[in-house]
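# Coordinate inspection notes
Single-letter residue listing:
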Amino acid sequence: MVNEKYGKLQSILREMDSVVVAFSGGVDSTFLLKAAVDTLGPEQVLAVTADSETYPSTELEEARKLAKHIGVKHTVIETSELAIPGYTENDQNRCYFCKSSLFDHLIPILNKQAFNHIVYGVIADDMNEFRPGMKAAKEKNIRGPLQEANLFKDEIRELSRHFDLPTWDKPSFACLSSRIAYGETITKEKLTKVEKAEAYLKSLSIRQVRVRTHGNTARIEVEPRDMGRVLEYHTAIAKRLQQFGYTYVSLDLVGYKSGSMNKALEKDEQHA
């Protein structure tokens, strides 16, 4: 089944002929980039990474290494989500504003270098989640070949491992703004606080982590298997995160959950 889906992905890419890939260095966009290069050839593919306040410097460095590993031309552009009207207010349309702005930066690159399509790493799993960015993609005719081929995250990891991509078991990642509770203004200071806090927790050999920020409270999400490690170092963790600016530090007993901040939106809709 997964091989059939990969064949479908290749057919979609061949039909496109040449692509600009919105490349974050995550599991999905890395696999999409690899598939595009293998299918179309490196001259028909351009990887573009947007460097901004919401994108950790460690991720940018990894994206550079991955593009080199795959053997594709890689361009880094400077963007600023905090300058996008409506973004810092941090309502449920935040991701729409972000993706819309990103695609607006990529379209001139597409036109200048005469590529046919812009593609990004939306996948089949995303169709069942709250993803406002997909609306922006649809409005601007941006394609999602992985989703079109009905590829799910587990299948993408399986194929990534088959093609020896180092991202095959990379923890899922989302922009730093996704850590800040809806309705709270997004600032550079808050983003830096989150980045430092998560980097510290990762230094304790905790791979999958989110530091959800609710005012002056840090709500740490890790996988259940790592909860014991958080508790083992709880005094040091609390002290360090308080140094970063948090007043209260908590461990979410439910554990890591992608998009967990969206629960608040679901409750608001239920009470509307």
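Numbering of residues starts from 1 in every chain and runs along the sequence as written. Local features in this predicted model are restricted to residues of pLDDT 70 or higher, and side-chain atom pairs are both shown and tallied only at a pLDDT of 80 or more, whereas totals for entire chains, interfaces and linings draw on every residue. As a convention, hydrogens and water are excluded, and side-chain values are obtained from all of the structure's heavy atoms.

### A closer look at the packing of aromatic side chains
Here is the rule: Stacked, tilted and edge-to-face are the three classes assigned to paired rings of Phe, Tyr and Trp, where Trp is represented by its six-membered ring and a pair needs centres within 6.5 Å; plane angles under 30 degrees give stacked, over 60 edge-to-face, the rest tilted. Type-normalised accessible area, obtained with a 1.4 Å probe on protein chains alone, sets the label of each residue: buried when under 20%, exposed when over 50%, and partly exposed for intermediate values. Each ring is checked for a lysine NZ or an arginine CZ that lies within 6 Å of its centre and within 35 degrees of its normal; such an atom marks a charge sitting over the ring.
Enumeration over the complete set of coordinates arrives at 4 aromatic pairs. For the ring pair Y96 and F97, a centre distance of 5.8 Å and an interplane angle of 70 degrees mean the geometry is edge-to-face. Given a relative accessible area of 19%, Y96 falls into the buried group. When its relative accessible area of 23% is taken as the criterion, F97 is described as partly exposed. Grouping aromatic residues by their ring pairs yields a cluster made of Y6, F31 and F163. Geometry around Y96 places K135 over its ring, the cationic atom sitting 5.4 Å from the centre. It is K193 that lies over the ring of Y246; its NZ or CZ is 4.4 Å from the centre.

### Points about the sheet that holds strand β1 (residues 19-22)
Within a beta sheet, neighbouring strands are joined by backbone hydrogen bonds and run either parallel or antiparallel to one another. Defined as follows: Pairs of strands are assigned from DSSP output, requiring at least two bridges between the strands. We count a stretch as a helix when DSSP gives it H or I for four or more residues in a row; a strand needs E for two or more, and each element gets its number in order from the N terminus. Whenever a helix is involved, its axis is fitted only over the stretch in contact; in every case the axis is a line through C-alpha atoms, and angles between N-to-C directions fall within 0 to 180 degrees.
Spatial ordering of the open sheet is given by β3-β2-β1-β4, a layout of 4 strands whose pairing is parallel. In the strand order of this sheet, the two ends are held by β3 (73-78) and β4 (117-119), each with one partner. Averaged over all pairs of adjacent strands, the angle between their axes in this sheet comes to 25 degrees, without regard to strand direction. Here 6 bridges tie strand β2 (residues 45-51) to β3, and the two strands are oriented parallel to one another.

### Concerning the layout of surface pockets
In this approach the atoms are scanned with a rolling probe the size of a water molecule, which exposes any empty space left behind. This is how the line gets drawn: The distinction between a cavity and a pocket rests on a 1 Å grid over the protein atoms alone: a 1.4 Å probe fits inside a cavity but cannot get out, while a pocket stays open yet meets protein on both sides within 12 Å along at least five of seven lines, and a residue with an atom within 4 Å of a point counts as lining. Grid points are joined across faces, edges and corners, and a volume is the space filled by probe spheres set on the points. Residue ranges assigned to the domains are those given by an automatic or database domain assignment.
In this structure, the second largest pocket encloses a volume near 190 Å³. Contributions of two or more residues to the lining of the second largest pocket are made by α3 (57-70) and α8 (188-202). Residue-level mapping places the lining of the second largest pocket at the junction of two domains, with at least three residues from each of domain 1 (2-163) and domain 2 (176-270).

### Examining the domain arrangement of the protein
What counts is decided by this rule: In what follows, a contact means two residues having at least one pair of non-hydrogen atoms within 4.5 Å. Two parts placed together each lose some accessible area; with a 1.4 Å probe, that loss summed over both constitutes the buried area. Each reported salt bridge corresponds to a side-chain nitrogen of Lys or Arg within 4 Å of a carboxyl oxygen of Asp or Glu. Whenever a nitrogen or oxygen atom comes within 3.5 Å of another N or O atom, the pair is scored as a polar contact, on the condition that within protein one atom can donate a hydrogen and the other can accept it, and that pairs from neighbouring residues in sequence are kept only if both atoms are in side chains.
For the protein, the domain assignment lists domain 1 (2-163) and domain 2 (176-270). A separation of 26 Å is found between the C-alpha centroids of domain 1 and domain 2. Contacts between domain 1 and domain 2 engage 15 residues on the former and 17 residues on the latter. Each partner contributes to the roughly 1300 Å² buried at the junction of domain 1 and domain 2, and carbon and sulfur atoms together form 51% of this total. Here domain 1 is connected to domain 2 by 0 salt bridges. Where domain 1 packs against domain 2, one counts 8 residue pairs in polar contact (both at pLDDT 80 or more).

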